[in-house]
Amino acid sequence: MTDVHRSGFAALVGRPNVGKSTLTNALVGEKVAITSDKPQTTRRAIRGILTTEDAQIILVDTPGVHRPRTLLGRRLNDLVNETLTDVDVVGFCIPADQKIGPGDRYIAQALAEIRANRSRPVIVVIVTKADLVSRDQLADQLVAVSQFIDADEIVPISAVEGTQIDVVTRVIASHLPEGPALYPDGVLTEESIEDRIAELVREAALADVRDELPHSLAAVVEEIVEEDPEGDTFKEMAPGEGRLVVRVSLFVERDSQKGIVIGKGGAHLKKVGTTARRQIRKLMGRPVHLDIRVKVAKDWQRDPKQLGRLGF
């Protein structure tokens, strides 16, 4: 342990589906961000908190930068741009198994413009998904990245296998300003329980659905209550012997999508509930009764009022 303690903010940015959320969870050591093979899974700047003896890193897992087709898409890109100006370090995630593309060049240009006006943020390029390529392919990608952007550091990792996660931690921490911890030891995320539960339900719903549907899914926790097992009385959630009931609304944009989410005879929704309930039980540390209702919010991604109601 050194005498110097560092603390600050590090944003993980990149194109959709480059492994930012998986890396966030690997760094924090617990699932604080949902993951999916569907692009644009992350919709908020989720904060994970990594505390070591010498540093505290507040990780901001941002939505994937993409060419927006909806108001939601534009708001997500705006969120990323705002985040970049407020952090000490940017972890620019570029996958080892894909060539550098237009999305990477867009992010690199945005970072160059920010750096032209001030010394920070420090840029650490994190070459993700190293487990998916050979050593020679990884070496080629590292050379390509070094020629593509003027980075302060370049670190290849595999978040799935845990390879070099400790190196990323040390590198990011070394570039943070000196200062005390900003959160108490043991706090792993700034996300509320309601938001984490809603995300777990959405993650479960993203599985096994058609490509056009993931963008149309939104989840909102309507109520978390403790039910008296001997009657119909409800009271505010508190540790006890009652049954914990979680009610969630899962929104889609069209009636046809509602049928897809529910599935034949309710089969898909039942699967969603089983998967989400297992994760929520782990999060809450106790059995949970999960009630999911699928609702239609017509074209919510393009409607400012509905985006506001859904938390965007």
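Residues numbered from 1 in each chain as written. Predicted model: local features only at pLDDT ≥ 70, side-chain atom pairs only at ≥ 80, totals over all residues. Heavy atoms only, no water.

Student: I'm lost on the sheet that holds strand 4 (residues 89–95) in this one. Help?
Tutor: Whether parallel or antiparallel, the strands of a sheet pair through hydrogen bonds between backbone atoms. Pairing is mixed across the open sheet formed by 6 strands, whose spatial order is 2-3-1-4-5-6. A single partner strand is all that each edge strand has here, and the edge strands are strand 2 (46–51) and strand 6 (153–156). Strand-to-strand twist of the sheet, defined as the mean angle between neighbouring strand axes without regard to direction, takes the value 25°. With 4 bridges connecting them, strand 1 (residues 6–13) and strand 4 associate as parallel partners. (Pairing = 2+ DSSP bridges. Helix = DSSP H or I, 4+ residues; strand = E, 2+ residues; numbered from the N terminus. Axes fitted to C-alpha atoms, helices over the stretch in contact; angles between N-to-C directions.)

Student: It is not clear to me how the pairing of strand 4 should be interpreted in this structure. Could you clarify?
Tutor: With respect to burial, strand 4 is a largely interior element, 7 of its 7 residues being buried. Residues Val89, Gly91, Cys93 and Pro95 line one face of strand 4 and the alternating positions Val90, Phe92 and Ile94 line the opposite face, and both faces are buried. (Buried < 20%, exposed > 50% of the residue type's maximum accessible area, 1.4 Å probe, protein only.)

Student: In this structure, what is going on with the environment of Tyr183? I would like to understand it.
Tutor: With respect to the helices and strands, Tyr183 occurs in the loop between helix 5 (165–174) and helix 6 (193–206). Judged by its relative accessible area of 19%, Tyr183 falls in the buried class. When residues no more than four places from it in sequence are discounted, the contact partners of Tyr183 are Arg47, Ile49, Gln56, Ile58 and Glu190. Only 2.4 Å separates the side chain of Tyr183 from the side chain of Glu190, close enough to count as a polar contact. (Contact = heavy atoms within 4.5 Å. Polar contact = N/O pair within 3.5 Å; in protein donor to acceptor, adjacent residues only side chain to side chain.)

Student: Sorry, what's going on with unusual backbone geometry here?
Tutor: Not every positive phi belongs to a glycine, and Asn17 is a case in point at roughly 65°. Position of Asn17 relative to the elements: it lies in the loop between strand 1 and helix 1 (20–28). The class for Asn17 is partly exposed, based on a relative accessible area of 32%. Positive phi, close to 60°, is recorded for Lys129, a residue that is not glycine. Examined against the element boundaries, Lys129 turns out to sit in the loop between strand 5 (122–128) and helix 4 (135–148).

Student: Just checking my understanding: could you explain the nonpolar core for this structure?
Tutor: As a rule of thumb, nonpolar side chains are buried together in soluble globular proteins. The biggest cluster of nonpolar side chains holds 26 residues, and the ones touching the most others in it are Val201, Val248, Leu250, Ile280 and Leu290. For this core, the secondary structure elements donating two or more residues are helix 6, strand 7 (218–227), strand 9 (243–252), helix 8 (267–284) and strand 10 (288–296). The biggest single contributor to this core is helix 6, with 7 residues. Counting residues in hydrophobic clusters, the runner-up holds 25 residues, among them Val18, Ile126, Ile157 and Ile165. (Core = buried A, V, L, I, M, F, W, Y, C linked by side-chain atoms within 4.5 Å.)

Any link to function would need more than the numbers given here.
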